[in-house]
Amino acid sequence: MRYLIGNWKSYQTISQTQTWLTDFSNAKPKINNRIKLILCAPFTDLAEAKRIIHHYGLQIEVAAQDVSPFEEGKHTGEINAKMLSELTTYCLVGHSERRREFNETSEIVAEKVARLIEANLSPIICLDTPYLEEQIKLLLHKRIPLERCLFVYEPLAAIGSGQPADPFEVEMIAQKISFLTESRCPILYGGSVTPENVISYARHHCVDGVLVGGESLNPAHFVQMMDNLSYES
Ligand code: PEP
């Protein structure tokens, strides 16, 4: 199974989401069942995205971009895993933008992963080399079932910079993650992936797919990436 995951970050209103999915559907994408498509959308878009995906009969799953580290309770403004479980089956956690802008630590990320697992959701966990081992150790310490997780290697310098990482370096880090996680989960790459370079990552043995930020906002480019991945699969 190959993964193509879009991360819309803090973009897309509900009406823009409607337009994106309509454009995607109009492009008549030939969705290969060996490729799993997931869109990490803002909380406000999840219900409408799900509705439209069902309406057009598209094989895409929606995912949240974050979750509260707390269970339900007196935590004003927090969206917890139980709430998400009626909307999604996946949730992104530990994105470097959250580490940088919201001071998220590996401990907080591990708490979030634990809440997602308790609610039967699959965490998509972003990692970079400075905290890669620390993050995986914390998850193992919490006895997180890693076979229910996906990991994404996202080197900071490659995110949103137009400077993607060297595919051979990505393969080496993916091998390391695979070793640390005892090959129990898919490993993806994220960082300035485009329709042109997507194959250079996906053709590596340890890389099971890609997480795409900026380019996923364009439905035509998303279809192109999907087609290129299908060609290789
Ligand atoms: C991301 O948001 O995780 C990401 C990889 O962004 P971009 O593709 O824009 O580098």
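Structure: see above.
The residue numbers shown here count from 1 along each chain, following its written sequence. Only residues with pLDDT of at least 70 get local features here, since the model is predicted, and only at 80 or more are side-chain atom pairs given and counted; chain-wide, interface and lining totals rely on the full set of residues. The basis for the side-chain values is all heavy atoms of the structure; hydrogens and waters are excluded.

As a further point, take the sheet that holds strand S5 (residues 122-127). The pairing criterion for strands is at least two bridges between them, as found by DSSP. Working definition: helices are DSSP H or I runs of at least four residues, strands are E runs of at least two. Numbering for both runs from the N terminus. Here we have eight strands rolled up into a closed barrel, ordered S1-S2-S3-S4-S5-S6-S7-S8, and parallel in their pairing. Adjacent strand axes in the sheet meet at a mean angle of 25°, parallel and antiparallel pairs treated alike. Every axis corresponds to a line fitted to the C-alpha atoms, with the helix fit spanning only the stretch in contact, and the corresponding angles, defined between N-to-C directions, vary from 0 to 180 degrees.

On to the site of the ligand, then. Residue proximity to a molecule or strand is established when one non-hydrogen atom of the residue lies within 4 Å of it. Contacts to the ligand come from 14 residues, most closely from Lys-9, His-95, Glu-154, Gly-160 and Ser-192. With respect to the ligand, the side chain of Glu-154 contributes an N or O atom lying 2.7 Å from an oxygen atom. Between an oxygen atom of the ligand and a main-chain N or O atom of Gly-160, the distance comes to 2.6 Å. Only the protein chains shown count as cover for residues, with accessible areas throughout obtained via the Shrake-Rupley method and a probe of 1.4 Å. Within the complex, the protein chains bury 95% of what would otherwise be the 290 Å² of accessible surface of the ligand. A cavity here means a set of points on a 1 Å grid, drawn over the protein atoms and nothing else, where a 1.4 Å probe fits but cannot get out; a pocket is an open set with protein on both sides within 12 Å along at least five of seven lines, and a residue lines either one if it has an atom within 4 Å of a point. Should more than half of a molecule's atoms lie within 2 Å of a pocket's or cavity's grid points, that molecule is taken to sit in it. A molecule is said to occupy a pocket when more than half its atoms come within 2 Å of that pocket's grid points, and by this definition the ligand occupies the second largest pocket. Think of it as three bins: nonpolar holds Ala, Val, Leu, Ile, Met, Phe, Trp, Tyr, Cys and Pro, charged holds Asp, Glu, Lys and Arg, and polar takes everything else, Gly as well. Of the residues in the shell around the ligand, the class split is four nonpolar, eight polar and two charged. Within 3.5 Å is the distance limit for a polar contact, defined as a pair of N or O atoms, with the added protein rule that one can donate a hydrogen and the other accept it, and that residues adjacent in sequence qualify only through two side-chain atoms.

The backbone of Gln-12 sits at a positive phi, close to 85°, despite the residue not being glycine. Here the phi dihedral of Asn-120 falls at roughly 65°; this positive angle occurs in a residue that is not glycine. Within the secondary structure, Asn-120 sits in the loop between helix H5 (106-118) and S5.

Following the sequence through the fold, Leu-4 ends up in strand S1 (residues 2-7). Residue Leu-4 is classed as buried on the basis of its relative accessible area, which comes to 0%. Note: C-alpha distance between Leu-4 and Ser-96 (92 residues apart in sequence) is 19 Å. In this analysis, two residues are considered to be in contact whenever any of their non-hydrogen atoms come within 4.5 Å of each other. Contact partners of Leu-4, with chain neighbours within four places excluded, come to Ile-35, Lys-36, Leu-37, Ile-38, Val-210, Val-212, Phe-222, Met-225, Met-226 and Leu-229. Partly exposed describes any residue whose relative accessible area lies between the buried limit of under 20% and the exposed limit of over 50%, with all areas from a 1.4 Å probe on protein chains only and scaled to the type maximum.

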